[in-house]
Amino acid sequence: MSEDQYLIEMKGIVKRFPGVLALDHVNFQLKAGEIHMLLGENGAGKSTLIKVLSGAHQLDEGEIFIEGKKVQFNSPQDPLDLGLRFIYQEVNLVPELDIARNMFLGIEPMKRGLIDTKKLYSETEKYLMKFHIDLKPRAIVGDLSVTQQKLVEIARALVTDAKVLVLDEPTDVLEDRSRQDLFESIQDLKNHNNVGFIYISHRYQEVHDLGDRVTILRDGKNAGVYNICDITLDEMIEKMIGQSVEKQYPHLNKPQDEEVLRLENIRQGKKLNGVTLSVKRGEIVSVTGLMGAGKTELARAVCGIDPVDSGKVFIEGKEIDFSSPIKSIEGGMAYLSEDRKGLGLILPHSIMDNYGLPNSPRLSTYGLVNKKQIDKEICEYMEALKVKAPSKHTKAGQLSGGNQQKAVIAKWLGTQSKVLLFDEPTRGIDIIGRSGVYSLMNELLDQGIGILMLTSDYTEALEMGHKVVVLYHGQIKKVFERGEATEEDILRAAIGTH
Ligand SMILES: Nc1ncnc2c1ncn2[C@@H]1O[C@H](COP(=O)(O)OP(=O)(O)OP(=O)(O)O)[C@@H](O)[C@H]1O
Ligand SMILES: [Mg+2]
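Computed from a prediction, not measured in an experiment: that's the story for all the values here.

Draft legend 1. The arrangement of the site of ligand 1 in detail. Near ligand 1 you find 21 residues, and of these Gly43, Lys46, Thr48, Ser400 and Gly402 are the closest. Here an oxygen atom of ligand 1 sits 3.2 Å away from a polar atom, N or O, in the main chain of alanine 44. Here an oxygen atom of ligand 1 and a side-chain polar atom of serine 47 are 2.8 Å apart. Surface burial for ligand 1 is 90%, taken as the share of its 640 Å² of free accessible area covered by protein chains. Those elements giving two or more residues to the shell around ligand 1 turn out to be strand 2 (20-30), helix 1 (46-54) and helix 14 (401-414). Counting residues domain by domain, the shell around ligand 1 receives three or more from each of domain 1 (3-241) and domain 2 (259-494).

Draft legend 2. View of the domain arrangement of the chain. Assigned domains of the chain: these are domain 1 (3-241) and domain 2 (259-494). If you look at the interface, domain 1 gives 22 residues, while domain 2 gives 21 residues. Taken over both partners, the interface formed by domain 1 and domain 2 buries close to 1800 Å², and the fraction arising from carbon and sulfur atoms is 56%. Along the contact surface separating domain 1 from domain 2 lie zero salt bridges.

Draft legend 3. Examining the nonpolar core more closely. Counting residues in hydrophobic clusters, the biggest one holds 51 residues, and the most contacted among them are Leu165 and Tyr199. Ranked by the residues each element gives to this core, the list is headed by helix 5 (residues 146-159), at eight residues. Apart from residues lying up to four places away in sequence, tyrosine 199 is in contact with Ile35, His36, Met37, Leu38, Leu167, Pro170, Thr171, Leu182, Phe183, Ile186, Glu206 and Leu210. Counting residues in each nonpolar core, the second largest holds 37 residues, with Ile351, Leu363, Met382 and Met453 among its members.

Thresholds, definitions, all that
- Residues numbered from 1 in each chain as written.
- Chains lettered and ligands numbered in written order.
- Predicted model: local features only at pLDDT ≥ 70, side-chain atom pairs only at ≥ 80, totals over all residues.
- Heavy atoms only, no water.
- Near = heavy atom within 4 Å.
- Polar contact = N/O pair within 3.5 Å; in protein donor to acceptor, adjacent residues only side chain to side chain.
- Areas by Shrake-Rupley, 256 points an atom, 1.4 Å probe, with all protein chains shown as cover.
- Helix = DSSP H or I, 4+ residues; strand = E, 2+ residues; numbered from the N terminus.
- Domains from an automatic or database assignment.
- Contact = heavy atoms within 4.5 Å.
- Buried area = accessible area lost by both parts, 1.4 Å probe.
- Salt bridge = Lys/Arg side-chain N within 4 Å of Asp/Glu carboxyl O.
- Core = buried A, V, L, I, M, F, W, Y, C linked by side-chain atoms within 4.5 Å.
- Buried < 20%, exposed > 50% of the residue type's maximum accessible area, 1.4 Å probe, protein only.

Here is the structure:
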């Protein structure tokens, strides 16, 4: 294929950040009508490559060609004019505006020089239906959950005639059905409109099932380009991390008999319909279910973020006050939120300062913070979780998506609470980082901590749970003991047919 037949060609791309060589002479090519996967560990440079392409980051060296023509983007509108659409890892919507306004921002349908609002809302309705998004076009985006916002973003990218669609971990926050909707739309646009896709994902099966080709990055360098049919999953992972992977899930010991957390009849409007469950010392209880089944709602309620109508929470047999986050923490609970950007980290602060926030009280005597101890602990966690950053002083906002998630985990692991609530703990984390998270969880169990893990990943729910609780419409539909269920059993319970 000659050069000018590539939709996109990036040559010798170099991008430096202070102390980091994020991209080191990277080459990348995209053909029309192909789904091109971009693969690499957390911090390998995937999002940076995409941001260089969109003009969000200026490149230090290298050239970009679009359909054979050399380009230099100076404003965010430039790539849009050439038919490139981006869905970034972080949600990029205007929270104050409604769904329709967001979906057609900058491309509003016009009538006689004015925005054709009737069309704006009817078109939006059409797209929401196509994606089975059960929301009103006039709903304000800021009131939606992360998942719903992501769906709106994806729908937005598909609304317009694009030549190239770039998706940075789009399915990260999606549940099965929405994922299938997205894959169908992608195949459709590929086959009928010859759209080219750049697709970043840490879900290796998805990479394998959906992709035509894959470019692998390792430490900011090219580590190979392959036709997906020529490479196995294991080979792909090996190229990505430079070694083969061992067993990902640790062996879980039996929990103790003593109950450490009990939720009694938690009710909240239509979202939670009387949830009762308990976690023992050294036990992980996985809670799973479809989007909207009540996973996150349960965590937020129990952690005092959203008020409940009724219900009790006991820690080590003692009823606690969970009417605010501070009270829940004082009662012995820590909550790792699914929304790392909103609730997890203060982005302009360093990794260490973020760690210090919930941990300083524990490490202070007479109001003096033991900085040495904080220093020691964060270094240990960064090592255990394989956080890729120049140092503990790196600002959280400068970390790659997966490494931000690791920093949030470190912060809450440090609090040494008796009960940990983990909401989607490994979302966006690469394969090595995941093993790190799992083995740390396992260590915590041995210290007698109880973990309630909310996850939409059924494999994770099964492999890392002593029990799997399946929620359906805010109620417990089914509880499986370890070894009792398959992924299919869980899915059946989650859609309510069990
Ligand atoms: N704005 C920034 N300032 C400083 N360093 C940055 C910035 N953005 C990214 N980096 C660094 O560049 C490197 C590549 O980051 P990038 O976000 O491209 O990784 P990634 O492959 O997308 O990882 P992930 O899978 O975790 O999303 C990382 O070391 C990251 O810390
Ligand atoms: Mg990224």
